[in-house]
Amino acid sequence: AQTVTQSQPEMSVQEAETVTLSCTYDTSESDYYLFWYKQPPSRQMILVIRQEAYKQQNATENRFSVNFQKAAKSFSLKISDSQLGDAAMYFCAYRSGGGTSYGKLTFGQGTILTVHP
Amino acid sequence: GAGVSQSPSNKVTEKGKDVELRCDPISGHTALYWYRQSLGQGLEFLIYFQGNSAPDKSGLPSDRFSAERTGGSVSTLTIQRTQQEDSAVYLCASSLTSGTYNEQFFGPGTRLTVL
């Protein structure tokens, strides 16, 4: 079974600064996808960024980028120029590319991000 | 267009009662997922439906939990004889298909409290 670990229960950053959230995962599969989701106090999960395992290039979405280290099974999220609206719980998630686990997301424990003005 | 909606937003029930939680997916989405978010277990997969295929029930924690999806659209998650450990936020998501490239869009969840 796949597991996802987020070792930072809480992180904080000053507005306009950069912060990196860590995520590691364990899998024996070669075909999979990784995601970062944001969950604000409204509880609604929002997809921030995704990475296909077969792609070597790190994904980027505006101020959000990832550092995907496939051999190390590491998938960190970097938020640049942090904004107050970035404050939320962030979840790292894994999804198989096929097989019996196909379709479902496996989530890490989450990291609460606080942004200080 | 409208996103995924869930009802009720909050539900308080007594131990031993049955509850039904509803999910309305985005129109046209053929895949629908249920997840549970609790303090002790984090965010865990419960069940997913893809079109007319048999649902993947591998995440349901006990036979007290069941779900159905009528007409390929609305889904109901039923918990029978609720226990205090069932207290959690139940999240529903839908995607165009279950293909990995298709983003799962989440609803706001139902917070269930079992007294």
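The structure we're discussing is the one just above.
Residues numbered from 1 in each chain as written. Chains lettered and ligands numbered in written order. Predicted model: local features only at pLDDT ≥ 70, side-chain atom pairs only at ≥ 80, totals over all residues. Heavy atoms only, no water.

> For this particular structure, what's the right way to read the overall build of chain B?
Along its length, chain B carries zero helices and ten strands. Each helix and strand of chain B, ordered N terminal to C terminal, gives the series β-β-β-β-β-β-β-β-β-β. In terms of C-alpha radius of gyration, chain B reaches 13 Å, essentially the compact-globule figure of 13 Å for 115 residues. On the principal axes, the C-alpha backbone points of chain B span a range of 40 × 30 × 25 Å. Looking at chain B as a whole, 50% of its 115 residues qualify as buried. The contacts in chain B between residues at least 6 apart in sequence include a share of 57% that link residues at least 24 apart. Carbon and sulfur atoms make up 46% of the accessible area of chain B, which totals about 5400 Å². Here chain B holds 10 positive side-chain charges and 11 negative ones, and the gap between their average locations is 4 Å. (Helix = DSSP H or I, 4+ residues; strand = E, 2+ residues; numbered from the N terminus. Rg over C-alpha atoms; globule rule 2.2 N^0.38 Å. Buried < 20%, exposed > 50% of the residue type's maximum accessible area, 1.4 Å probe, protein only. Contact = heavy atoms within 4.5 Å. Areas by Shrake-Rupley, 256 points an atom, 1.4 Å probe, with all protein chains shown as cover. Lys, Arg positive; Asp, Glu negative; His and termini not counted. Charge placed at Lys NZ, Arg CZ, Asp CG, Glu CD.)

> When you look at the pattern of salt bridges in this model, what are you seeing that I'm missing?
Overall, the coordinates contain six salt bridges over all chains when judged by the stated rule. With its nearest N and O atoms 3.8 Å apart, the salt bridge here joins D26 of chain A to K73 of chain A. Placement of D26 of chain A in strand β4 (residues 24–26) and of K73 of chain A in the loop between β8 (64–69) and β9 (74–79) is noted, with a sequence separation of 47 residues between them. Residue D26 of chain A is classed as partly exposed on the basis of its relative accessible area of 42%. Between D24 of chain B and R22 of chain B there is a salt bridge, with the nearest N and O atoms lying 2.8 Å from each other. You can call R22 of chain B partly exposed: its relative accessible area is 37%. (Salt bridge = Lys/Arg side-chain N within 4 Å of Asp/Glu carboxyl O.)

> Hey, could you run me through the interface of chain B and chain A in this one?
How big an interface is tends to be stated in terms of the accessible area lost upon association of its parts. At the junction of the two partners, chain B supplies 26 residues and chain A supplies 21 residues. Between chain B and chain A the total buried area reaches about 2000 Å² when both faces are included, carbon and sulfur atoms providing 48% of it. Summed over the shared surface of chain B and chain A, the number is zero salt bridges. Applying the counting rule to chain B against chain A returns seven residue pairs in polar contact (both at pLDDT 80 or more). When residues of the side of chain B that touches chain A are traced back to their parent elements, those giving at least two are β4 (31–38), β5 (42–50), β8 (88–95) and β10 (110–114) of chain B. Among the residues forming the side of chain B that touches chain A, the class breakdown is eleven nonpolar, twelve polar and three charged. (Buried area = accessible area lost by both parts, 1.4 Å probe. Polar contact = N/O pair within 3.5 Å; in protein donor to acceptor, adjacent residues only side chain to side chain. Nonpolar A, V, L, I, M, F, W, Y, C, P; charged D, E, K, R; others polar.)

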